[in-house]
Amino acid sequence: MKIKVLILCLILILAIYQDFPLVNYFGELARSPIVFLSPLFLGYLLLFKKLDISKYTQKYLVYLVYLIIISIIYSIVIIIKNQSIYVLGENIIIKNLKMLAYPIIALIFYQFIYTLFSKNKLNFNDLLQAIFFVQLFLIILLIFEVNVYKTNEVFLPFLHASTEKYWRIRLLTYEASWTGTIVIIFTLLPVYLVNSLNKQKSYKLLVFITSAFFFLYYTIHSESKGYLILVLIAILPMLLKQVYQNKKYRKYFYLSLIFILMVATIIYNPLKEEISKHFNTSITFGTRLSGYLASLQTFIKNPFGVGFGAYLDIYVSNLRSIVNLDIMQQLNLNEIKQYLHSSNFLSSKTYFFDHLVFAGIPFLLFYYLFFIKRYNQLSKLKGVYLVKIILAFLILSSITYTTFSIKYEVWFFLAIIDVIEKNKKLEDA
């Protein structure tokens with residue numbers, strides 16, 4: 001294996017490592033080791049006299065500037081109103097700086113990956129090798145975890161921030177719901193790459209087998225309701241549609257239909273049972289629904305957002321009013337009620353609703369330009385249907401159950417499809 005491919009493998013593994021033990025010493029930002037590498041990534045970028053800044057990076061920068069401005073304005077308002085710099089025992093100036101670090105590091109990582117491939121320091125052959133080896137690593141990890149997670153044994157406790165027993169599949173992440181984006185990216189992206197690079201049949205077959213195994217084996221054992229719902233209602237129908245529309249693969253349509261129906265059956269029964277069993281008692285459902293409603297209420301009252309620091313005051317106030325509604329009392333609100341008195345884990349648990357609170361209407365504009373319009377642009381290109389499916393999954397998960405704060409595999413993928421879109425347009429030209 002080439003050194004540069006080995007380094008890329010390491011970067012990818014660190015990007016999907018989202019329960020780094022140093023979180024216990026440096027706070028939530030250190031839950032991913034990428035934060036400690038970001039100065040190196042930034043240093044590499046500064047070596048270039050002229051960087052290739054894509055249109056998506058430009059949109060991200062504009063949005064970041066707005067976040068800084070709105071955070072400063074609302075922090076001043078809250079400090080004057082409360083006659084204190086502290087909310088929930090936390091300094092909101094420090095909170096602004098800590099929260100601002102997440103999008104800055106994500107931007108640095110995004111630009112670093114984009115630069116590596118747009119400057120031809122790495123090519124897609126290198127990317128395929130690296131992703132394939134990381135996929136094999138994840139498969140091995142998954143097999144071992146499946147054999148352990150239902151026992152009393154703690155799986156690889158030294159790799160996680162807490163040594164307590166965790167009863168669901170989470171790979172190298174903090175919780176089970178964080179694994180869905182990793183599985184989808186490292187299942188479909190290698191299949192796209194091995195096809196687009198027109199590799200030999202034996203290599204293609206190998207990648208198809210490992211990808212199908214990884215997806216199916218994880219899906220069977222996954223207990224993440226968000227992931228299973230999105231696979232059932234979005235990913236499987238989209239895959240089936242693309243197989244049918246592609247003349248080259250239409251002959252495999254009925255075989256694919258059988259496979260997809262099998263997966264759907266496997267997912268549907270346990271998912272239906274899980275949802276009906278825990279609709280009223282599920283801590284997760286009560287927490288997420290309360291978070292969504294509080295975010296919407298905050299947005300309606302503050303349509304241009306409240307920034308990073310002031311949300312400690314404003315979001316919690318709206319969350320308290322939501323939790324106290326009579327209609328909410330039938331749900332399990334034990335977890336969400338703890339958030340009313342502490343800044344720890346205070347979030348809607350989704351990228352979309354969190355940033356709806358932070359930036360309001362400007363975020364909606366950014367979200368459309370950065371995610372939705374990107375999907376529309378990809379729809380105009382040929383041979384990228386698997387990439388579109390991954391992006392669709394990310395968009396849907398960002399609205400329903402995933403936050404992208406330290407999901408660096410997401411920012412990695414977005415940077416890669418930025419390069420794909422650029423290359424495709426150059427080829428067409």
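This one's a predicted model, so the numbers in the text were calculated from it and none came from an experiment.

Another point: the environment of Val194. Its place among the elements puts Val194 in helix H7 (residues 180-196). Remark: the alpha-carbon pair of Val194 and Val207, spanning 13 residues in sequence, is separated by 7.4 Å. Setting aside anything within four residues of it in sequence, one finds Val194 in contact with Leu128, Lys199, Tyr203, Lys204, Val207 and Phe208.

At a minimum axis separation of 9 Å, helix H1 (residues 3-16) and helix H6 (residues 124-146) run at an interaxial angle of 50°. Taken together, the axes of H1 and H6 lie oblique to each other. Seen from above, H1 lies across H6 with right-handed handedness. Judged by residue contacts, Lys4, Val5, Leu8, Cys9, Leu12, Ile13 and Ile16 of H1 engage Asp126, Leu127, Gln129, Ala130, Ile131, Phe133, Val134, Phe137 and Leu138 from H6. Its residues assigned to classes, the contact of H1 with H6 comprises 13 nonpolar, one polar and two charged.

Once that is clear, we can look at the packing of aromatic side chains. A complete count under the given rule lists 41 aromatic pairs for this structure. A ring pair is formed by Tyr351 and Phe404, whose centres lie 5.0 Å apart and whose planes are at 25°; its orientation type is stacked. Here Tyr351 is found in helix H14 (residues 351-379), whereas its partner Phe404 is found in the loop between helix H15 (385-400) and helix H16 (408-428), with 53 residues between them in sequence. When the ring of Phe371 is compared with that of Phe404, the centres are 6.2 Å apart and the planes differ by 45°; the resulting orientation is tilted. Of the two residues, Phe371 is situated in helix H14 and Phe404 in the loop between H15 and H16; the sequence distance between them amounts to 33 residues. Accessibility expressed as a relative area gives 0% for Phe371, which makes it buried. Looking at Lys165, its charged tip hangs above the ring of Trp167, at a distance of 4.9 Å from the centre.

A side chain of one charge can pair with a side chain of the opposite charge when the charged atoms of the two come close. Applying the stated criterion across every chain yields a total of ten salt bridges. For the salt bridge of Asp19 with Arg31, the shortest nitrogen-to-oxygen distance reads 2.6 Å. With a gap of twelve residues between them, Asp19 in the loop between H1 and helix H2 (23-26) and Arg31 in the loop between H2 and helix H3 (34-46) connect regions that are remote in the sequence. The salt bridge partner of Asp52 is Lys422, with a shortest N-O separation of 2.7 Å.

Quick notes on the rules
- Residues numbered from 1 in each chain as written.
- Predicted model: local features only at pLDDT ≥ 70, side-chain atom pairs only at ≥ 80, totals over all residues.
- Heavy atoms only, no water.
- Helix = DSSP H or I, 4+ residues; strand = E, 2+ residues; numbered from the N terminus.
- Contact = heavy atoms within 4.5 Å.
- Axes fitted to C-alpha atoms, helices over the stretch in contact; angles between N-to-C directions.
- Parallel < 35°, antiparallel > 145°, perpendicular 65-115°, else oblique.
- Left-handed = near helix turned anticlockwise from the far one by under 90°.
- Nonpolar A, V, L, I, M, F, W, Y, C, P; charged D, E, K, R; others polar.
- Phe/Tyr/Trp six-rings, centres within 6.5 Å; stacked < 30°, edge-to-face > 60°.
- Buried < 20%, exposed > 50% of the residue type's maximum accessible area, 1.4 Å probe, protein only.
- Lys NZ or Arg CZ within 6 Å of the ring centre and 35° of its normal.
- Salt bridge = Lys/Arg side-chain N within 4 Å of Asp/Glu carboxyl O.

Spatial relationships are all this shows, so hold off on functional conclusions.
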